[in-house]
Amino acid sequence: MSLEATGQREQPGTDRTWSIETNGINAVPDEERHGRPSELFWVWFAANISVLAVVYGVIAVSFGLNVWQSILAGVVGTVLSFLLVGFVGVAGKRSGVPTFALSRAAFGRVGNVLPTLTSYLSLVGWETVLVALATLAVDSLLDRLGVATGTHTTVIAFLVIAGVTIAVGLLGHATIVHIQTWFTWAFAILTVGFIALELPQVEWSKLADLPTGNWLTGFLPATSIIMAGLGISWANVGADYTRYLPRRSSSRGVVGWTVLGCSIGPIVLITFGVLLASKGTGLSTSANPLGDLAEPLPTWFLVPYMLVAAGGLVAGALLDIYSSGLNLLTLGVRLPRYQSVAIDGVLMILGNIYMLFIAKDFLGTFQGFLLVLGVPLAAWAAVFLVDLATLRRDGYDVRALYGGEGRRTVNPAGVVAWLVGVVIGLGLITSTTKGFTWLGWWAKGAFQGSSLGLLVAFVAAGLVYGLWAVPASRRPQPHEQPAVGAPSP
């Protein structure tokens, strides 16, 4: 039996800043656990400070909502969706295992392949899109500064941004935490400056005239889109950044610091986006929203804005490329973790070459496809969290996760619940961008043009799994294995 199969590391694990992390998807031993839940604040704040969150505020107003309804949709959608990330993080702290290796408990080793593959495609896809958007932002801002732009500046900007993303992903967890702390301070200060300079663009009288929107057909779809773009898209990596925390760490601290770090930036930026919607909602459909936001800025602030616009995207891409490498290992690729990140980096580079230099209209198409992938991720999150809350309260049988005694190849309850959620959810969403259209077969009324299908997929998958798996777990099981990794009090 391999060392990976027993949950043991192949070599002494390290998690030191500026050193390559050697742990893969193995369970991190207790003697290597370190840190405090408060470090999650820095990880998640930096990853979610992107000024693209301004667009969500504009989108909320586009559903016919007034100022206070739009802000409430932003707050509710942000906090509720990031609670999912925090709860998934609790599972990592309990077990020392990354997210999709833990997912084997609910789906089985073979049954877990499709959800993991979906997560992998989503992570590699989003890291590609974020790097592409950051590259385009730098290129457009250089143009505003009077620099002669063209293919050469695009190539240079891309190489720098992609190089930083891949290098930090190769180094791993400790370096990511360290860098995200820097990013948090820098981007928070610069974002305050950005908002202060943009504030004169707000047309306060028009905001006061916005009518009250419909709570069912306006508020709920707006909230669902914000949830889809924020917490639901991060839930599949929650445990990857908590598995090094000591087992005794507070579960409430894990959830609280995660939600706090994730939510502050988006809530502020979404609220500001609501105010900017007084100028119209064209920003919500802009092909280059970062460039549009830079238009009214004074020339002297363009370089700081460039750091915020591109850096905030890179901070998110760092988490994507690290977790996508862990997903690849979970799929069965037998490589050291840093080599799996290198593979993801190559895929990201190839994707960006195609989007930036060959099919320049492909970016919007690809983003539409990635939004559709949000449905299976929402269904997965429901199954994972119901499993965590009901069947793993005493911890995980870590040996079974890695193919040891007590393993399950397929857990029918998890797989069927996930598929039910996926089918229902895909039938209730629409995703229309340039070159890509998905029209759900039941997407009518409030479901048309919204992400409500993601919420329905989440509820449906959770209900099916809860009604099937929980009663079955209470029946006596022959040769039942004890759980390993009890939660902290």
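Computed from a prediction, not measured in an experiment: that's the story for all the values here.

**Some remarks on the overall build of the protein chain**
Thinking step 1. Helix and strand counts for the protein chain come out as 19 helices and two strands.
Thinking step 2. For the protein chain, buried positions account for 59% of its 489 residues.
Thinking step 3. Partitioning the intrachain contacts of the protein chain with sequence separation of at least 6 by distance along the chain shows that 85% fall at a separation of at least 24.
Thinking step 4. Surface summary for the protein chain: the accessible area is close to 19300 Å², and the carbon and sulfur share equals 66%.

**A few points about the pattern of salt bridges**
Thinking step 1. In total, this model carries seven salt bridges according to the counting rule given.
Thinking step 2. Here Arg 392 ties to Asp 387 by a salt bridge, and the two come within 2.8 Å at their closest N and O atoms. Here Arg 392 matches Asp 387 in class, with each residue buried.
Thinking step 3. Among the salt bridges present, the one from Arg 399 reaches Asp 397, with a minimum N-O distance of 3.9 Å.
Thinking step 4. Put simply, Glu 21, Arg 243 and Arg 337 are held in one network by salt bridges that share partners.

**Focus: the packing of aromatic side chains**
Thinking step 1. According to the stated counting rule, one finds 16 aromatic pairs in the structure shown.
Thinking step 2. On the basis of an interplanar angle of 45° and a centroid distance of 6.0 Å, the ring pair of Trp 18 and Trp 182 is categorised as tilted. With Trp 18 in the segment before α1 (39-47) and Trp 182 in helix α8 (residues 173-198), the pair connects residues that are 164 residues apart, well separated along the chain.
Thinking step 3. Both rings, one in Trp 300 and one in Phe 301, keep their centres 5.6 Å apart while their planes meet at 75°; by these two values the pair is edge-to-face.
Thinking step 4. Site record: aromatic cluster; members linked through ring pairs are Phe 41, Trp 42, Phe 45, Trp 185 and Trp 257.

**A look at the packing of helix α6 (residues 113-144) against helix α15 (residues 337-358)**
Thinking step 1. The interhelical angle for the contact between α6 and α15, taken along N-to-C directions, is 50°, at an axis separation of 9 Å. Classified by the angle their axes make, α6 and α15 are oblique. The crossing of α6 and α15 is right-handed. Across the interface between the two elements, Tyr 120, Val 124, Glu 127, Thr 128, Val 129, Val 131, Ala 132, Thr 135 and Leu 136 of α6 pack against Ile 343, Asp 344, Leu 347, Met 348, Gly 351, Asn 352, Met 355 and Leu 356 of α15.

**Quick notes on the side chain of Ser 323**
Thinking step 1. Along the chain, Ser 323 turns up in helix α14 (residues 302-330).
Thinking step 2. Among the residues examined, Ser 323 registers a relative accessible area of 0% and is labelled buried.
Thinking step 3. Setting aside anything within four residues of it in sequence, one finds Ser 323 in contact with Leu 123, Val 237, Asp 240 and Tyr 241.

**A short note on α14**
Thinking step 1. An ideal rise of 1.5 Å per residue puts 42 Å on 29 residues; α14 measures up with 42 Å between its terminal C-alpha atoms.
Thinking step 2. Taking burial as the measure, the 29 residues of α14 include 27 buried ones, the bulk of the element.
Thinking step 3. Directly after α14, the chain includes Gly 332, whose backbone phi takes a positive value near 110°.

**Details of unusual backbone geometry**
Glycine aside, the phi torsion of most residues is negative, and most peptide linkages are trans.
Thinking step 1. Positive phi, normally seen in glycine, also occurs at Trp 18, with a value near 70°.
Thinking step 2. The class for Trp 18 is partly exposed, based on a relative accessible area of 48%.

**A short note on the confidence of the model for the protein chain**
Thinking step 1. For the protein chain, the mean per-residue pLDDT works out to 88, and 89% of the residues sit at or above 70.
Thinking step 2. Contacts of residues 1-13 to residues separated by more than four positions or lying in other chains number 29 contacts, the stretch itself having pLDDT below 50.
Thinking step 3. Across residues 477-489, confidence stays below pLDDT 50; counting only partners more than four residues off in sequence or on other chains, it has 33 contacts.

**Considerations on the environment of Leu 373**
Thinking step 1. Structurally, Leu 373 can be placed in helix α16 (residues 362-390).
Thinking step 2. With a relative accessible area of 11%, Leu 373 lands in the buried category.
Thinking step 3. Between the C-alpha atoms of Leu 373 and Ser 119, which are 254 residues apart in sequence, the distance is 8.2 Å.
Thinking step 4. Aside from chain neighbours lying at most four places away, what touches Leu 373 is Thr 118, Leu 121 and Ser 122.

**Topic: the side chain of Thr 258**
Thinking step 1. If you trace the backbone, Thr 258 turns up in helix α12 (residues 251-276).
Thinking step 2. Exposure remark for Thr 258: the relative accessible area of 2% places this residue in the buried category.
Thinking step 3. A distance of 2.7 Å separates a polar atom in the side chain of Thr 258 from the backbone oxygen of Val 254.
Thinking step 4. For Thr 258, the contacting residues outside a window of four places in its chain are Leu 40, Trp 44, Phe 82, Val 85, Gly 86 and Gly 253.

**Section: the nonpolar core**
Thinking step 1. In terms of nonpolar packing, the biggest core is built from 142 residues, with Trp 44, Phe 194 and Tyr 305 touching the most fellow members.
Thinking step 2. A per-element tally of this core places α14 first, with 16 residues.

**Notes on the environment of Val 464**
Thinking step 1. Examined against the element boundaries, Val 464 turns out to sit in helix α19 (residues 452-473).
Thinking step 2. Val 464 sits 43 residues away from Gly 421 along the chain, and the two C-alpha atoms are 8.6 Å apart.
Thinking step 3. Ignoring anything within four residues of it in the chain, the contact list for Val 464 reads Ala 417 and Val 420.

**Remarks on a nonpolar patch on the surface**
Thinking step 1. Residues Leu 335, Ile 343, Val 346, Leu 347, Leu 350, Ile 353, Tyr 354 and Ile 358 make up a contiguous nonpolar surface patch of roughly 680 Å² in combined accessible area.
Thinking step 2. The topology assignment puts Leu 350 in helix α15.

Rules behind the numbers
Residues numbered from 1 in each chain as written. Predicted model: local features only at pLDDT ≥ 70, side-chain atom pairs only at ≥ 80, totals over all residues. Heavy atoms only, no water. Helix = DSSP H or I, 4+ residues; strand = E, 2+ residues; numbered from the N terminus. Buried < 20%, exposed > 50% of the residue type's maximum accessible area, 1.4 Å probe, protein only. Contact = heavy atoms within 4.5 Å. Areas by Shrake-Rupley, 256 points an atom, 1.4 Å probe, with all protein chains shown as cover. Salt bridge = Lys/Arg side-chain N within 4 Å of Asp/Glu carboxyl O. Phe/Tyr/Trp six-rings, centres within 6.5 Å; stacked < 30°, edge-to-face > 60°. Axes fitted to C-alpha atoms, helices over the stretch in contact; angles between N-to-C directions. Parallel < 35°, antiparallel > 145°, perpendicular 65-115°, else oblique. Left-handed = near helix turned anticlockwise from the far one by under 90°. Expected span 1.5 Å × (residues − 1). pLDDT = per-residue confidence, 0-100. Polar contact = N/O pair within 3.5 Å; in protein donor to acceptor, adjacent residues only side chain to side chain. Core = buried A, V, L, I, M, F, W, Y, C linked by side-chain atoms within 4.5 Å. Patch = residues over 30% accessible without salt bridge, like charges linked within 9 Å, V, L, I, M, F, W, Y side chains within 5 Å.

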